[in-house]
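A structural walkthrough
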Amino acid sequence: MREGTVHRTTRETDIKITLVLDGQGKMTGVTGLGFFDHMLELFAKHSACDLQLTAKGDIHVDAHHLVEDLGICLGQCLKNVLGEGIGINRYGYSYIPMDEALARVVVDISGRPFLKYNVQGLKEKVGNFDSELVEEFFRALVNHGRLTVHVDVLYGTNTHHMIEAVFKAFARSLKQAYTLSSGQLSVPSSKGKLD
């Protein structure tokens with residue numbers, strides 16, 4: 001079973017994440033940020049990961065530290081679970097519509113962190129959640145998971161729909177990338193390693 005746990009404690013946050021890649025798409029735990037909990041539930045469901053978390057942060061200041069540190073923890077956990085990447089597909093992509101919005105996410109489990117985030121037209125907030133934190137979450141996840149990820153919202157007008165489409169597309173493309181490839185017994189790179 002591909003499973004790992006990361007615990008991160010700072011003066012701003014205290015987070016523990018357990019990730020099971022080949023799970024049933026279930027999330028347990030809450031962050032205290034309702035909209036973001038919904039996005040993490042969607043991530044678990046559409047990636048078929050099991051995600052268990054406990055998360056406390058200085059959300060009386062704002063949600064930035066907690067959201068960014070959750071991205072750090074999820075990225076580290078993913079990197080630890082995948083190890084050298086032997087036998088994985090490595091690449092994945094997905095287009096997801098959400099009513100009027102359409103998102104495309106392409107993932108390379110490359111060992112080289114890079115995020116291209118092309119999402120325009122988001123309103124400042126969804127409920128009490130700052131929509132700019134979506135990019136911060138993905139940047140932290142990409143940097144600590146050592147992924148190359150391209151995120152594009154091709155069009156859309158409703159901020160909730162646009163962000164939801166991004167999380168679903170990321171989940172499905174990541175699942176495609178980390179799925180074990182039949183007959184693949186080596187690292188999917190001509191260099192013999194991912195980085």
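As a reminder, the structure under discussion sits directly above these lines.
Position labels on residues start from 1 in each chain and follow its written sequence. Totals for whole chains, interfaces and linings use every residue, but because this is a predicted model, local features are given only for residues with pLDDT of at least 70 and side-chain atom pairs only at 80 or more, for both listing and counting. Only hydrogens and water are set aside; all other atoms, that is, all heavy atoms of the structure, feed into the side-chain values.

Focus: the state of the cysteines
Put simply, the test is: Two cysteine sulfurs form what is called a disulfide whenever their separation falls within 2.5 Å.
For the structure on display, the rule yields zero disulfides. In this structure Cys49 is a free cysteine whose sulfur lies 9.5 Å from that of Cys77, the closest cysteine sulfur available. Here Cys77 stays free of any disulfide, with the sulfur of Cys73 as its closest cysteine sulfur at 8.3 Å.

Quick word on the pairing of strand E1 (residues 3–9)
As a general feature of sheets, a regular strand has side chains that alternate between the two faces. For the record, the criterion: Strands pair, by our definition, only if DSSP identifies at least two bridges between them. Numbering of helices and strands runs from the N terminus; a helix is a DSSP stretch of H or I covering at least four residues, while a strand is a stretch of E covering at least two.
Here seven bridges tie E1 to strand E2 (residues 13–20), and the two strands are oriented antiparallel to one another. Bridging across to E2, Gly4 finds its partner in Leu19. The hairpin turn running from E1 into E2, its antiparallel successor, is three residues long.

Quick word on the sheet that holds strand E3 (residues 27–28)
Put simply, the rule is: What makes two residues a contact is simply this: any of their non-hydrogen atoms within 4.5 Å. Structural elements are reduced to axes, namely lines fitted to C-alpha atoms, with helices fitted over the stretch in contact, and the angle between N-to-C directions of any two is expressed from 0 to 180 degrees.
Strand order in the open sheet made by the four strands is E1-E2-E4-E3, with mixed pairing throughout. Pairing within the sheet leaves two strands with one partner each, and these edge strands are E1 and E3. Strand contacts of helix H2 (residues 64–82): E1, E2 and strand E4 (50–57), with the helix running at about 35° to E2, the strand carrying the most contacts.

Focus on the pattern of salt bridges
The criterion, for reference: Salt bridges are identified by distance alone: a Lys or Arg side-chain nitrogen within 4 Å of an Asp or Glu carboxyl oxygen. When a residue's accessible area, from a 1.4 Å probe over protein chains only, is under 20% of the maximum for its type it is buried; when over 50% it is exposed; and in between it is partly exposed.
Under the criterion given, the structure shown has seven salt bridges. Asp108 is the partner of Arg90 in a salt bridge, and the nearest nitrogen-oxygen pair spans 2.7 Å. With Arg90 in the loop between H2 and strand E5 (91–98) and Asp108 in strand E6 (residues 101–108), this pair connects stretches of sequence that are 18 residues apart. Comparing Arg90 with Asp108, the two get one shared label, buried. Close ionic contact of Asp152 with Arg104 constitutes a salt bridge, the shortest N to O distance being 3.3 Å. Of this pair, Asp152 sits in strand E10 (residues 148–155) while Arg104 sits in strand E6, placing them 48 residues apart in sequence. The class for Asp152 is buried, based on a relative accessible area of 11%.

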